[in-house]
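Residue-level structure breakdown
Below, each chain spelled out in residue letters.
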Amino acid sequence: MNQSIHSYNRIHFIGIGGIMMSSLATMALDGGKQVTGSDRAPSQLTEKLVQKGAVIYYGQCAENIALSKAELVVYTAAIHPDNPELKAAKQAGLPMLSRAEYLGELMLTYRHRVGISGTHGKSTTTGMLTSICLAAKTDPTVLCGARLSALEGEAFRSGNTGQLVYESCEYTDSFLSFHPTVAVVLNVDLDHVDYFHSMEQLQASFRRSAQEADTVIANWDDAGARETFRDFASPVIWVSVKENSARYLAKDLYFEKGCGAFLLMDRDQELGRVTLSVPGMHNVQNALCAAAAALSLGISMDAIAKGLASFGGAVRRFEKKGSREGVDVFDDYAHHPTEIYATLQTAKTLGYDRIVTVFQSHTYSRTAQLLTEFAKALSLSDLTLIAPIFAAREENVWGVSSADIAVRMNCAVAFDSMDETLAALRKNVRPGDLVITMGAGNIYKVGSAFLKGEDKV
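This text gives an overview of the structure that appears in the document. These figures come from a predicted structure and were not determined experimentally.

The next subject is the overall build of the chain. The secondary structure content of the chain amounts to 16 helices and 21 strands. In terms of overall size, the chain behaves like a compact globule, its C-alpha atoms giving a radius of gyration of 22 Å where 457 residues would be expected to give roughly 23 Å. Principal-axis analysis of the C-alpha atoms places the extent of the chain at approximately 60 × 55 × 40 Å. Counting every position in the chain, which comprises 457 residues, the buried fraction comes to 56%. Taking as baseline every contact in the chain between residues at least 6 positions apart, the subset at least 24 positions apart corresponds to 64%.

If you walk across this open sheet you meet the six strands as E16-E17-E21-E18-E19-E20, and the pairing is mixed. In this open sheet, the two strands that pair with only one neighbour each are strand E16 (319-324) and strand E20 (412-414). For this sheet, the mean angle separating the axes of adjacent strands, direction not counted, is 20 degrees. Direction of pairing for strand E18 (residues 354-359) relative to strand E21 (residues 433-438): parallel, over a ladder of six bridges. Note that in E21 the partner of Val 356 across the bridge is Val 435. The strands touched by helix H16 (residues 444-452) are E16, strand E17 (327-332), E18 and E21; relative to E16, the strand with the most contacts, the crossing angle is about 30 degrees.

Let us look at unusual backbone geometry. Unusually for a residue other than glycine, Lys 137 sits at a positive phi of about 60 degrees. Assignment of secondary structure puts Lys 137 in the loop between helix H6 (122-135) and strand E7 (141-148). Judged by relative accessible area, which is 70%, Lys 137 ranks as exposed. With phi around 60 degrees, Asp 173 is a residue other than glycine that occupies positive phi space. Here Asp 173 lies in the loop between strand E9 (163-167) and strand E10 (182-185).

To continue, consider the sheet that holds strand E3 (residues 55-58). Pairing is parallel across the open sheet formed by five strands, whose spatial order is E3-E2-E1-E4-E5. Strands with a single pairing partner mark the edges of an open sheet, and in this sheet they are E3 and strand E5 (96-98). Put simply, the sheet's adjacent strands are angled 20 degrees from each other on average, direction ignored. Of the pairings in the sheet, the one linking strand E1 (residues 10-14) to strand E2 (residues 34-39) comprises five bridges and is parallel in character. Across the sheet, residue Ile 14 finds its bridge partner in E2, namely Ser 38.

Bringing the state of the cysteines into the picture now. Taken as a whole and judged by the stated rule, the model has zero disulfides. Note on Cys 144: no disulfide assigned, nearest cysteine sulfur contributed by Cys 169 at a separation of 12 Å.

Our focus in this paragraph is the environment of Gly 260. Along the chain, Gly 260 turns up in strand E14 (residues 259-266). Taking the relative accessible area as the measure of exposure, Gly 260 reaches 0% and is therefore buried. Distance in space between the C-alpha atoms of Gly 260 and Asn 283 is 7.9 Å, their sequence separation being 23 residues. Ignoring anything within four residues of it in the chain, the contact list for Gly 260 reads Leu 253, Tyr 254, Phe 255, Val 274, Thr 275, Leu 276, Val 278 and Val 284.

Bringing H6 into the picture now. Between its terminal C-alpha atoms H6 stretches 20 Å, which fits the 20 Å expected from 14 residues at 1.5 Å a residue. In terms of burial, H6 is largely enclosed, as 13 of its 14 residues are buried. Within two residues after H6, Lys 137 carries a phi angle of roughly 60 degrees, on the positive side.

Where helix H15 (residues 418-428) contacts H16, the axes come no closer than 10 Å and their chain directions differ by 50 degrees. Between H15 and H16, the crossing angle belongs to the class labelled oblique. H16 is crossed by H15, and the crossing has right-handed handedness. On H16, the residues touching Met 418, Leu 422, Leu 425 and Arg 426 of H15 are Val 446, Ala 449 and Phe 450. Residues of the contact of H15 with H16, tallied by class, amount to six nonpolar, no polar and one charged.

Each aromatic ring pair is described using two quantities: the centre-to-centre distance and the angle formed by the ring planes. With the rule as written, the count across this model stands at eight aromatic pairs. For the pair Tyr 195 and Phe 196, a centre-to-centre distance of 4.9 Å together with 90 degrees between the ring planes defines the contact as edge-to-face. For Arg 226, the ring lying beneath its charged end belongs to Trp 220, and the centroid distance is 5.4 Å. Geometry around Tyr 333 places Arg 317 over its ring, the cationic atom sitting 4.2 Å from the centre.

On strand E19 (residues 383-386), burial covers both faces: Leu 383 and Leu 385 on one face and Thr 384 and Ile 386 on the other are all buried. Pairing geometry for E18 and E19, over four bridges, is parallel. Bridge pairing in E19 places Phe 359 opposite Ile 386. Bridge analysis of E19 against E20 gives three bridges, and the strand direction is parallel. Across the sheet, the residue bridging to Thr 384 is Ala 412, located in E20.

The rules we used
Residues numbered from 1 in each chain as written. Predicted model: local features only at pLDDT ≥ 70, side-chain atom pairs only at ≥ 80, totals over all residues. Heavy atoms only, no water. Helix = DSSP H or I, 4+ residues; strand = E, 2+ residues; numbered from the N terminus. Rg over C-alpha atoms; globule rule 2.2 N^0.38 Å. Buried < 20%, exposed > 50% of the residue type's maximum accessible area, 1.4 Å probe, protein only. Contact = heavy atoms within 4.5 Å. Pairing = 2+ DSSP bridges. Axes fitted to C-alpha atoms, helices over the stretch in contact; angles between N-to-C directions. Disulfide = S-S within 2.5 Å. Expected span 1.5 Å × (residues − 1). Parallel < 35°, antiparallel > 145°, perpendicular 65-115°, else oblique. Left-handed = near helix turned anticlockwise from the far one by under 90°. Nonpolar A, V, L, I, M, F, W, Y, C, P; charged D, E, K, R; others polar. Phe/Tyr/Trp six-rings, centres within 6.5 Å; stacked < 30°, edge-to-face > 60°. Lys NZ or Arg CZ within 6 Å of the ring centre and 35° of its normal.

Next comes the structure, spelled out in structure tokens:
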């Protein structure tokens, strides 16, 4: 591109209904830009954009580009090269940027840019740091991949240009377009196997994503992160629950109703006590990373403790949806074996009679690559009901199905439809159960239908 993105007044977003794209479109609207966009169908996010003045086309076709009178086109990584709007924009010679490239350009206007990366926990940790910054009254701008309790159910916050807190996604190397001043790495675990074909490739990308940051913060307790940054060119600030050589430590750790409380240490110096309102050991590690990032920004321990105590979680991250006939229903976005294992470990500490997991695997490639790992993680559940695989962007060239997971487990059954999965849930639950709908697709609809007493999803 030959000119700054700030010089364009009419911007068209292909795939505007995605949570991150809708946030970028909101930023453009708040900046006085004329925004158009397209997506498959209306949603809460697109309706909010329309209320703010965006023009949105439902269904993607070449004519939308001409109708939009766009000066710049932004598209998501999920948009296929043969998308008619993408092809029309190219034929028209319009300037085009991927979502990551556009965000990378935007963020250069912010003085402090904190990128939260990792295979798991990005949205939650972004939310934790957001809550801390709000407690410290730093007026941050926030871009998250999930809706946050700290932002009253929104995923975006428009603040000043002094501080940007953003979720830094690794898929298709998106984070290589970003420019963090503080790079936080929660964990490095093989995922998105349709793009990353080895741990070596993934680790190299994480190293490149952090190389221009002034400060790099990483979780020593994750073997993948430890290996990735073992001989990194710049010093790394390590956090840990158990490794005394790390810079920031959680000491005197205990759990109350599944939620961690600990003394935050800077080596041998006591900084203060932290009490979390979200459960699980993984959230202790997330909180340590958020606290270390806040300290690098000069935020006080009082604000860190207050922000972490008040953080109530992110939407679809072990979120309680309701109760019916003595059964509590939670929803969780976990779609990788490591995430599933952490969520189910947490669930087992909460005192329910049984854990019933309603699982939907996300993408055929991930399912085929990690079949054994999925079966092992889901085996923590007392009963697992497995819905059909959520295809997302893929065709099933692997010939894999949900039954391939179930056959590797005890107490697991796979189904051919969401309605069959719902019927099995209604038949098999009993008072005292904790039900978790789990996956990155639309499995939450099974839990919603169960709570409403409906027969179909």
